[in-house]
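# Coordinates in review
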Amino acid sequence: MKLLVIATVVFGFTQCRSLKLENNPPFAIDNAVYSTWAGGQAGVRGMNVTIQLKEASDIVFDSLYFKNKVVKVEFKEATIIIANYSLSKKIPSDIILDIDPKKEIVNKVPSDKKLPFELKKNEAVLSYQVDGNTKYYKIPNISKIENNSLERVQ
């Protein structure tokens, strides 16, 4: 039993250490903004985050943690990183809904994953790769802009 407790504590500290935030990343961010959008159908909506780098970088950017969600990022240009979040509340197509609860037993239990970072409403964490190691950088003060203002930033 003692061995199990010690192993759990050591594993916990290892996990915390692996998610350490970097203070001096090998890139510089010029601007970071987000906007929300609504689609043509009821309940279809999302959020786009745009990160403008000061100069082009060879860094491999992976994911963005923002507003209790995480998504893979993509490059629009050499200096623009985009993260697209779906905020739609539609029922996934692989969920079985039936009057007979026995048929619903095959549904997966929804997971309520908590982000590994404590973030304020206007903060995000960008993950990236350096020499095969995943690093994390906190982006403070992401501004919300109106949809029509997004064109000017890009």
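Residues numbered from 1 in each chain as written. Predicted model: local features only at pLDDT ≥ 70, side-chain atom pairs only at ≥ 80, totals over all residues. Heavy atoms only, no water.

### Quick look at the sheet that holds strand S3 (residues 60-66)
Across the sheet, four strands lie side by side as S4-S3-S7-S8; this open sheet has antiparallel pairing. In this open sheet, the two strands that pair with only one neighbour each are strand S4 (69-72) and strand S8 (133-139). Going across the sheet, the axis of each strand differs from the next one's by a mean of 25°, ignoring polarity. For S3 and strand S7 (residues 124-130), the ladder comprises five bridges, and the chain directions are antiparallel. Opposite valine 60, over in S7, you have glutamine 129 as the bridge partner. (Pairing = 2+ DSSP bridges. Helix = DSSP H or I, 4+ residues; strand = E, 2+ residues; numbered from the N terminus. Axes fitted to C-alpha atoms, helices over the stretch in contact; angles between N-to-C directions.)

### Regarding the pairing of S8
As defined by bridge partners, S7 adjoins S8 across seven bridges and the pair is classed as antiparallel. Looking across to S8, one finds that glutamine 129 is bridged to threonine 134. Linking two consecutive strands that pair antiparallel, namely S7 and S8, is a turn of two residues; a positive phi of about 50° is found at aspartate 131 within it.

### A look at the packing of aromatic side chains
Taken as a whole, this structure holds 10 aromatic pairs when the rule is applied. Look at phenylalanine 117 and tyrosine 136: their rings are 5.2 Å apart centre to centre, the planes differ by 55°, and that puts the pair in the tilted class. Taken as a pair, phenylalanine 117 in the loop between helix H2 (101-104) and S7 and tyrosine 136 in strand S8 lie far apart in primary sequence, 19 residues in all. Like tyrosine 136, phenylalanine 117 is buried. The rings of Phe27, Phe61, Phe75, Tyr128 and Tyr137 are connected pair by pair, giving a single aromatic cluster. (Phe/Tyr/Trp six-rings, centres within 6.5 Å; stacked < 30°, edge-to-face > 60°. Buried < 20%, exposed > 50% of the residue type's maximum accessible area, 1.4 Å probe, protein only.)

### With respect to unusual backbone geometry
Backbone geometry follows two general trends: most residues other than glycine have a negative phi, and most peptide bonds adopt the trans configuration. Positive phi, close to 50°, is recorded for lysine 67, a residue that is not glycine. Considering the arrangement of structural elements, one finds lysine 67 in the loop between S3 and S4. The partly exposed category is assigned to lysine 67, whose relative accessible area is 34%. Within the chain, asparagine 68 stands out as a residue other than glycine whose phi angle is a positive 60°.

### Regarding the pattern of salt bridges
What the rule picks out here adds up to three salt bridges. Salt-bridge contacts for glutamate 22 lead to lysine 135; the nearest nitrogen and oxygen are separated by 4.0 Å. Residue glutamate 22 is found in the loop between helix H1 (2-18) and strand S1 (29-38), and its partner lysine 135 is found in strand S8; the two are separated by 113 residues along the sequence. Residue glutamate 22 is classed as partly exposed on the basis of its relative accessible area, which comes to 22%. The class for lysine 135 is partly exposed, based on a relative accessible area of 26%. (Salt bridge = Lys/Arg side-chain N within 4 Å of Asp/Glu carboxyl O.)

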